[in-house]
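This is what each chain is made of:
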Amino acid sequence: MTYRIGYLVGSLSGDSINRVLAKALVHLAPPSLQLEEIPIRDLPLYNRDDELSPVDAVPTFKKAIEASDGLLFVSPEYNRSIPAPLKNAIDWGSRPWGQNSFARKPTGIIGASPGAIGTAVMQASMRSVLSFLDAPQLNAPEAYVTFHADAYADDGSVTDPHTETFLRHYMEEYAAFVERVLSATLPGHEGDADLDVMH
Ligand SMILES: Cc1cc2nc3c(=O)[nH]c(=O)nc-3n(C[C@H](O)[C@H](O)[C@H](O)COP(=O)(O)O)c2cc1C
């Protein structure tokens, strides 16, 4: 069985360390995962007034999320939280009300920082957001990556053996999680996530 995984990079920077990490994860993923980036760069700032007639980038983004079997978030931490471009993308994908594209998608969260705690606080925020959006999350292993440029080669391979083992294991665990979640979702029982929330 092959699973189509959309990955979102939470940085718009041209020399993003999280894009380097994402490239390495694609390189190390088991063959059961087909990873493809879902770009967030062209999304406008979320505005509820534009929900019913958004620019093309919005339905394109939502369709890409919905066409994915699972999602992987590879993101920096900004001021101890989720970078605005990523949160903006998630807000678009969660709307209009009743059309939350993230519902029931198995997700993984990973991120790199030059700092010692490797995006841990951003990831805690993401867990809260994804819980609200009814997206199951890989709980363990957690992946807080302190970025060392010399551990990664341009072709996506990882030159530091410890980093390679850690990231390969993360992707194997994520693949097993995706399979578990999807095999537990009975056809016809996907439900309506929006009926599960009291407002
Ligand atoms: C606005 C801003 C806020 C930041 N806040 C944090 C932070 O809270 N924690 C952290 O570890 N690094 C923080 N950093 C440093 C980033 O980890 C670093 O710039 C990293 O390279 C960003 O990831 P990227 O290269 O993928 O864009 C911040 C950087 C910026 C620009």
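Residues numbered from 1 in each chain as written. Predicted model: local features only at pLDDT ≥ 70, side-chain atom pairs only at ≥ 80, totals over all residues. Heavy atoms only, no water.

### Quick notes on the site of the ligand
Item 1. With respect to spatial proximity, the complete set of residues near the ligand consists of S11, S13, S16, I17, N18, P76, E77, Y78, N79, R80, S113 and P114.
Item 2. Contact between the ligand and E77: a nitrogen atom at 2.7 Å from a side-chain N or O atom of the residue.
Item 3. Within the backbone of R80, a nitrogen or oxygen atom sits 2.7 Å from an oxygen atom of the ligand.
Item 4. Relative to its unbound accessible surface of 610 Å², the ligand loses 68% to contact with the protein.
Item 5. Considering only residue class, the shell around the ligand consists of four nonpolar, six polar and two charged. (Near = heavy atom within 4 Å. Polar contact = N/O pair within 3.5 Å; in protein donor to acceptor, adjacent residues only side chain to side chain. Areas by Shrake-Rupley, 256 points an atom, 1.4 Å probe, with all protein chains shown as cover. Nonpolar A, V, L, I, M, F, W, Y, C, P; charged D, E, K, R; others polar.)

### Here we look at the pairing of strand β2 (residues 33–37)
Item 1. Two elements, strand β1 (residues 3–9) and β2, share five bridges in a ladder whose sense is parallel. The residue bridging I5 from the neighbouring strand is L35, located in β2.
Item 2. Viewed along the sheet, the connection from β1 through helix α1 (residues 17–28) into β2 turns out right-handed. (Pairing = 2+ DSSP bridges. Helix = DSSP H or I, 4+ residues; strand = E, 2+ residues; numbered from the N terminus. Right-handed = clockwise from strand over helix to strand, strands pointing away.)

### What about the packing of aromatic side chains?
Item 1. Counted according to the given criterion, the structure contains three aromatic pairs.
Item 2. Each ring, one from Y46 and one from W92, has its centre 4.9 Å from the other, and the planes form 70°; the classification is edge-to-face. Pair noted here: Y46 is in the loop between β2 and α2 (57–66) and W92 is in helix α3 (residues 84–93), with a separation of 46 residues, a long-range link.
Item 3. Overall, the relative accessible area of 27% leaves Y46 in the partly exposed class.
Item 4. A centroid spacing of 4.9 Å and a plane angle of 10° characterise the contact between F147 and Y152, whose relative ring orientation is stacked.
Item 5. Using a relative accessible area of 11% as the deciding quantity, one classes Y152 as buried. (Phe/Tyr/Trp six-rings, centres within 6.5 Å; stacked < 30°, edge-to-face > 60°. Buried < 20%, exposed > 50% of the residue type's maximum accessible area, 1.4 Å probe, protein only.)

### Considerations on the UniProt feature "domain: NADPH-dependent FMN reductase-like" (unreviewed entry) in the protein
Item 1. The residues that UniProt annotates with the feature "domain: NADPH-dependent FMN reductase-like" (unreviewed entry) are residues 4–146.
Item 2. Between the first and last C-alpha atoms of residues 4–146 the distance is 28 Å; the span itself is 31% helix and 18% strand. (UniProt positions renumbered as here; feature names shortened; annotations may be inferred.)

### Details of the pattern of salt bridges
Item 1. Under the definition given, this model contains five salt bridges.
Item 2. K87 is the partner of D91 in a salt bridge, and the nearest nitrogen-oxygen pair spans 3.0 Å. A residue pair is termed a helical-turn pair when its members lie 3 or 4 positions apart in one helix, as D91 and K87 do in helix α3 at four residues.
Item 3. D91 gets classed as partly exposed once you look at its relative accessible area, which sits at 25%.
Item 4. Assessed through its relative accessible area of 31%, K87 is described here as partly exposed. (Salt bridge = Lys/Arg side-chain N within 4 Å of Asp/Glu carboxyl O.)

### Considerations on the packing of α1 against helix α5 (residues 161–184)
Item 1. Closest axis-to-axis distance for the α1/α5 pair is 9 Å, and the angle between their directions is 70°. Here α5 runs roughly perpendicular to α1, going by the angle between their axes. Note that α1 runs across α5; the crossing there is right-handed. From α1, L21, A24, L25 and L28 reach across to α5, where they touch E164, L167, R168 and M171. (Axes fitted to C-alpha atoms, helices over the stretch in contact; angles between N-to-C directions. Parallel < 35°, antiparallel > 145°, perpendicular 65-115°, else oblique. Left-handed = near helix turned anticlockwise from the far one by under 90°. Contact = heavy atoms within 4.5 Å.)

### Some remarks on the side chain of K62
Item 1. Relative to the assigned elements, K62 resides in helix α2.
Item 2. Buried and without a salt bridge, K62 has E66 as its closest oppositely charged side chain, separated by 4.3 Å.
Item 3. Excluding its chain neighbours within four sequence positions, the residues that come into contact with K62 are W92, G93, R95, P96, Q99 and S101. (Lys, Arg positive; Asp, Glu negative; His and termini not counted.)

### Examining the nonpolar core
The nonpolar side chains of a soluble globular protein tend to be buried with one another.
Item 1. Core analysis: the biggest nonpolar cluster contains 31 residues, and L21, L33, L72, I110, Y152 and L167 have the highest contact counts within it.
Item 2. If you list the elements that add at least two residues to this core, you get β1, α1, β2, β3 (70–74), β4 (107–113) and α5.
Item 3. With eight residues, the top contributor of residues to this core is α5.
Item 4. Contact partners of L21, with chain neighbours within four places excluded, come to V74, I110, G111, A112, V145, Y152 and L167.
Item 5. Counting 22 residues, the second-largest nonpolar core is a separate cluster that includes L43, I109, M122 and A135. (Core = buried A, V, L, I, M, F, W, Y, C linked by side-chain atoms within 4.5 Å.)

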